[in-house]
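The residues making up each chain are set out below.
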Amino acid sequence: MLPSIICHKWMSVMPSCFIMVSLLSAKDLLAQEREQDGAYSPKEKLHKNDAELHHEAILGNEKLHQEFHQQSPEQSRERLLKLATTHDLDHDGQISLEELQEWIFQSFQDLSSEDAQNKFQDVDSDGDGFITWNEHLRDTWGLENDENLLQSEEYKDEYVMIKEEALLFNAADRDQDGKLSAEEFLAFDRPEQYAYMQPLVIQRTKEARDKNGDGFIDFHEYIIDIVPNYKKMTNQEEREVFVTEKERFEQFFDQDHDGKLNDTEIFRWLIPDDRATAAVEAEHIFEKSDANKDGQLSFDEIADAQDVFVGSEITDYGNTLSVNTEGHDEL
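What you see is a predicted model; the values in this text were computed from it and never measured.

> Sorry if this is basic, but what is going on with the overall build of the protein here?
Scanning the protein from terminus to terminus reveals 18 helices and six strands. Counting the 331 residues in the protein, one finds 49% classified as buried. Roughly 16,000 Å² of accessible area belongs to the protein as shown, and the carbon and sulfur atoms make up 47% of that amount.

Shown next, in the form of structure tokens:
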């Protein structure tokens, strides 16, 4: 029996699954443009407010946030400024918009990697440094690898999704040894981030959405899971969603304006640009923190806007954060 990533994993990359469970991911406009479609976001969270998302983007780690939260304002200020110093790339004593964008982008990468590492440790039940299909099946589904049981009437719905996960597991298993290393597990858990997994991501999306089998996703196939009754809309909310989605389809995703999405356009639809998302987040933080509106954040402005950067309850991601300073000390 083969191994997967299903609706609960695929909801981060497959639009149809994502819409069904209505999971919200990133906070800002750019990410929201994709989160309804099922794109993966490094901040795959439920019901976060703007402050929490700003803090997550800056700290990228639960342990570090808890430490900041437990310290006095003076201690938190000192640590925040030390952290800011490591991201002052040109050493001019202030943080530019570009430096903040890079800071946030790196935090996104750390969040994604850390989350997958934590999952790996949880699933690797025997601690041998690999994840077998059986370990994944037990951890994710609470089932043993019994083909007769899995194909029984009792598990017929789960079996469809488990087969889907099996395809991804095998694709991620590059050396075909029947188990996933930590790096291979990252590809399994975040297939959209790995070039060799991308064809399968696109293939599975087309299988779910390309109802007429022409190899493309037209607007009907795109919108039907978002606004199922779009041809007979009865309320204003549905109409607003429809107008927004039609605009996005035509302006952002259908780059050649032929009324349908090819493979390249499908991938653009599914996978957010983390750098662009970081840019939007940086602009939000700048707007709240750049008191003199000179386009630079002095360390005093960062300290004065401490609540924007690190101030309240935040994130489920991870247990460790190593911040590189000149001496490679941990904050």
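> Explain the packing of helix H10 (residues 156-172) against helix H11 (residues 182-189) here, please?
Relative placement of two packed helices is described by the angle separating their axes and the distance separating the axes. Two elements in contact, H10 and H11, have axes whose closest approach is 8 Å; the angle formed by their N-to-C orientations is 140 degrees. Relative to H11, the element H10 lies oblique. With respect to the hand of their crossing, H10 and H11 are arranged in right-handed fashion. Every residue of H11 that contacts H10 at Glu-165, Leu-168, Phe-169 and Ala-172 is listed here: Glu-184, Ala-187 and Phe-188. Broken down by class, the residue content of the contact of H10 with H11 amounts to five nonpolar, no polar and two charged.

> Looking at this structure, how should I read the side chain of His-87?
Along the chain, His-87 turns up in the loop between helix H6 (73-86) and strand E1 (94-96). Of the residues examined, His-87 reaches a relative accessible area of 17% and is grouped as buried. Residues contacting His-87, with those up to four places away along its chain left out, are Ile-95, Glu-99 and Trp-103.

> Would you mind showing me how to read the pattern of salt bridges here?
Pairing of side chains with opposite charge becomes possible as their charged atoms draw close. In the structure shown here, the tally under the stated rule is 12 salt bridges. Notably, a salt bridge pairs Asp-263 with Lys-206, separated by 2.8 Å at the nearest N-O pair. In this pair, Asp-263 is assigned in helix H15 (residues 263-270) and Lys-206 in helix H12 (residues 198-209), connecting sequence segments 57 residues apart. Between Arg-248 and Glu-245 there is a salt bridge, with its nearest N and O atoms 2.9 Å apart. Of the two residues, Arg-248 and Glu-245 both sit in helix H14 (residues 236-253), three residues apart, roughly one turn of that helix. Since its relative accessible area comes to 5%, Arg-248 is described here as buried.

> In this structure, what is going on with the packing of helix H7 (residues 97-123) against helix H16 (residues 274-289)? I would like to understand it.
Running from amino to carboxyl end, H7 crosses H16 at an angle of 125 degrees, the nearest separation of the two axes being 8 Å. It follows from the interaxial angle that H7 and H16 lie oblique. For H7 against H16, the interelement crossing comes out right-handed. Facing Leu-97, Leu-100, Gln-101, Glu-102, Ile-104, Phe-105, Phe-108 and Gln-109 of H7, the residues of H16 in contact are Asp-274, Arg-275, Thr-277, Ala-278, Ala-279, Glu-281, Ala-282, Glu-283, Ile-285 and Phe-286. Here the contact of H7 with H16 is composed, by residue class, of 10 nonpolar, three polar and five charged.

> Would you mind going over the nonpolar core with me for this structure?
Inside soluble globular proteins, nonpolar side chains tend to come together where they are buried. Leu-137, Leu-143, Ile-162 and Phe-188 are the most contacted members of the largest nonpolar core, which has 24 residues in total. Broken down by secondary-structure element, the contributors of at least two residues to this core are H7, helix H8 (133-141), H10 and H11. Tallying contributions element by element places H10 first for this core, with six residues. Excluding residues that lie within four positions of it along the chain, Leu-143 makes contacts with Leu-137, Arg-138, Leu-150, Tyr-155 and Ile-162. Of all hydrophobic cores here, the second largest spans 22 residues; its members include Ile-95, Phe-108, Ala-282 and Val-308.

> Whenever I open this one, H8 confuses me. Can you help?
Because an α-helix packs 3.6 residues into every turn, residues spaced three or four apart end up facing the same way. Considered for burial, the residues of H8 that qualify are Trp-133, Glu-135, His-136, Leu-137 and Trp-141. Gly-142 lies just past H8 and shows a positive phi near 65 degrees.

> Sorry if this is basic, but what is going on with the packing of aromatic side chains here?
The relation between two aromatic rings is expressed through the spacing of the ring centres and the mutual angle of the planes. Within the structure shown, the criterion is met by 13 aromatic pairs. Between the aromatic rings of Phe-185 and Phe-188, the centroid separation amounts to 6.1 Å while the plane-to-plane angle is 55 degrees, which identifies the pairing as tilted. You can see Phe-185 and its partner Phe-188 sitting in helix H11, three residues apart, about one turn around the helix. Classification of Phe-185 by relative accessible area gives buried; the value is 2%. Ring centres 5.6 Å apart and planes at 75 degrees place the aromatic pair Phe-219 and Phe-242 in the edge-to-face group. Here Phe-219, found in helix H13 (residues 219-223), pairs with Phe-242, found in helix H14; they are 23 residues apart in sequence, far enough to count as distant. Here Phe-219 matches Phe-242 in class, with each residue buried. Connected via pairs of aromatic rings, a cluster forms that spans Phe-219, Tyr-222, Tyr-230, Phe-242, Phe-249, Phe-253 and Trp-269. Above the ring of Tyr-196, the side-chain terminus of Arg-174 is found at 3.8 Å from the ring centroid. Across from the ring centre of Phe-216, 4.2 Å away, lies the NZ or CZ of Lys-260, which sits over that ring.

> I tried to follow the environment of Arg-190 on my own but got confused; where do I start?
The residue Arg-190 is located in the loop between H11 and H12 in this model. Overall, the relative accessible area of 2% leaves Arg-190 in the buried class. Taking the C-alpha atoms as reference, Arg-190 lies 8.2 Å from Ala-116; in sequence the two are 74 residues apart. Of the polar contacts made by the side chain of Arg-190, one reaches the side chain of Asp-115; its length is 2.8 Å.

Rules of the game
- Residues numbered from 1 in each chain as written.
- Predicted model: local features only at pLDDT ≥ 70, side-chain atom pairs only at ≥ 80, totals over all residues.
- Heavy atoms only, no water.
- Helix = DSSP H or I, 4+ residues; strand = E, 2+ residues; numbered from the N terminus.
- Buried < 20%, exposed > 50% of the residue type's maximum accessible area, 1.4 Å probe, protein only.
- Areas by Shrake-Rupley, 256 points an atom, 1.4 Å probe, with all protein chains shown as cover.
- Axes fitted to C-alpha atoms, helices over the stretch in contact; angles between N-to-C directions.
- Parallel < 35°, antiparallel > 145°, perpendicular 65-115°, else oblique.
- Left-handed = near helix turned anticlockwise from the far one by under 90°.
- Contact = heavy atoms within 4.5 Å.
- Nonpolar A, V, L, I, M, F, W, Y, C, P; charged D, E, K, R; others polar.
- Salt bridge = Lys/Arg side-chain N within 4 Å of Asp/Glu carboxyl O.
- Core = buried A, V, L, I, M, F, W, Y, C linked by side-chain atoms within 4.5 Å.
- Phe/Tyr/Trp six-rings, centres within 6.5 Å; stacked < 30°, edge-to-face > 60°.
- Lys NZ or Arg CZ within 6 Å of the ring centre and 35° of its normal.
- Polar contact = N/O pair within 3.5 Å; in protein donor to acceptor, adjacent residues only side chain to side chain.

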